[in-house]
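# Fold and contact review
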Amino acid sequence: MSKLEDVQVDMLEKARELFQLCDKDEKGFITKVDMQRLQSELPLTPEQLETVFDSLEQNNKGYLTPVEFSMGLGKLIGIELCQGAERMDHPRHEETFESGWSDDLDPADDDEEKRFCSMMEQLGAAQLFEDPHEIRELWARLRKERPELLSNFEEFLLRVSSYIKEVNHEKESMEQALKRKESDHDREVRCLYEEMEQQIKAERERLVCQEALRHDRSNLLQKELHNKEQELEKILYRQKKLEHQLQSLNSEQLETRVQNERLRHLNENLLEELEKSKWELEAVKGQLQKLQKEAQLEQEQKDRDVFRVSKNMQKEKQSLLRQLELL
């Protein structure tokens, strides 16, 4: 096999191991939660693993198949793994993968370490990974066996680093926004507290004013009560005076009662005469209505006679006209 095929096999084997490590339940796919199991294998934080998962997931399905996982890693690194990925997804060819990822590589010398650190500094990825040992191992292996792929690998690291930086920047922006929101919330709470204090103070002053008004009103009511008592004494005096007047009026009322009795008899006599006159009026009214009906009947008879005469005259007139026409 050529060196390219060796690298492909090694990458496929490592991709298969990583996928099996994530897919503990043997579902045949992995989710973003399953991806967190790679923290023990890769020097990446949970946020960085989520970033890698988002970069590998293209269809927004929420999961990755073995082919998508291996092809995604190959595209990110710059190696074509299509044929190997098909073999990875087919169980008959699993025995063709040879484990070469975990081989102990010869550690780099000081110059190589400096080059790696310089490369990581230039890419801005020096501070992004907690343990860049495996990245350092892969970089050294590509540098020795496939130096033409080293630029693709560095470009992959640059894109991942840029993406992680963007995510961290967004995270910091969100944290700052949350802090600003918390400060705004604290300021609003403080304003509400001050408003509440002012309302309590105003309410206390209002209660004090109400108490003073209540005291003044109590004094006023006492004065009014005293005045009412004096008025009551005057009323009692006037009542006694009115009782004497009432006694005198009772005697006058007896005389008035006698006169009222006389007037009642007179009123009854007048009512009898009124009823009699009313009966006579009804009789006259009935006779008048009878006369009106008779007059109406006579008028209707006259109208019929006039109509009959007019009709006869009209017939004679028509006959005369016909005769004139014949002449």
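Predicted model only: the values in this text are computed from it and were never measured. (Residues numbered from 1 in each chain as written. Predicted model: local features only at pLDDT ≥ 70, side-chain atom pairs only at ≥ 80, totals over all residues. Heavy atoms only, no water.)

## Some points on the overall build of the protein chain
We count it as follows: Secondary structure elements follow DSSP: runs of H or I of four or more residues count as helices, runs of E of two or more count as strands, with numbering from the N terminus. For each residue, the accessible area found with a 1.4 Å probe, counting protein chains only, is set against the maximum for its type, and the residue is called buried under 20%, exposed over 50%, and partly exposed in between. Residues count as neighbours in contact if any of their non-hydrogen atoms are within 4.5 Å of one another. In short, Shrake-Rupley with a 1.4 Å probe defines the accessible areas, and a residue's cover is counted only from the protein chains shown.
When its secondary structure is counted, the protein chain shows eight helices and zero strands. Helices and strands in the protein chain line up, N terminus first, as α-α-α-α-α-α-α-α. Each of the 327 residues in the protein chain was classed as buried or not, and the buried ones make up 22%. A sequence separation of at least 24 residues applies to 60% of the contacts in the protein chain between residues at least 6 apart. Roughly 25400 Å² of accessible area belongs to the protein chain as shown, and the carbon and sulfur atoms make up 53% of that amount.

## Some details on the nonpolar core
Stated precisely, the cut-off is as follows: Definition used in this section: a nonpolar core is a set of buried Ala, Val, Leu, Ile, Met, Phe, Trp, Tyr and Cys residues joined via side-chain atoms within 4.5 Å.
One finds Ile30, Met35, Leu38, Leu56, Leu64 and Phe69 to be the most contacted residues of the largest nonpolar core, which totals 16 residues. Of all the secondary-structure elements, those providing two or more residues to this core are α1 (3-22), α3 (46-56) and α4 (66-77). Top element by residues in this core is α1. It accounts for five residues. By size, the runner-up hydrophobic cluster in this structure holds 14 residues, among which are Ile135, Leu149, Phe153 and Phe156.

## Points about helix α7 (residues 133-145)
The criterion, for reference: Working rule for helices: expected span equals 1.5 Å times residues minus one.
Here α7 spans 18 Å end to end across 13 residues, near enough to the 18 Å set by a 1.5 Å rise per residue. Of all the positions in α7, only Glu134, Ile135, Arg136, Leu138, Trp139, Ala140, Arg141 and Leu142 are classed as buried.

## Topic: the pattern of salt bridges
Inclusion rule: Salt bridges are defined by distance alone: a side-chain nitrogen of Lys or Arg within 4 Å of a carboxyl oxygen of Asp or Glu.
Under the definition given, this model contains nine salt bridges. Arg214 is the salt-bridge partner of Glu211, the closest N and O atoms lying 2.7 Å from each other. Here the residue Glu211 and the residue Arg214 both occupy positions in helix α8 (residues 150-326), the gap between them amounting to three residues, near one helical turn. Within this structure, Glu261, Arg264 and Glu268 form a network of salt bridges that share partners.

## Description of the side chain of Asp23
If you trace the backbone, Asp23 turns up in the loop between α1 and α2 (32-35). Given a relative accessible area of 8%, Asp23 falls into the buried group.

## A few points about the confidence of the model for the protein chain
The condition that has to hold: Known as pLDDT, the predictor's per-residue confidence is scaled from 0 to 100.
Averaged over all residues, the pLDDT of the protein chain equals 77, while 81% of them reach at least 70. Mean pLDDT across the elements of the protein chain ranges from a minimum in helix α5 (residues 82-89), with 40, to a maximum in α8, with 86. Overall, residues 79-108 carries pLDDT values under 50, and its contacts beyond four positions in sequence, including any with other chains, amount to 58 contacts.

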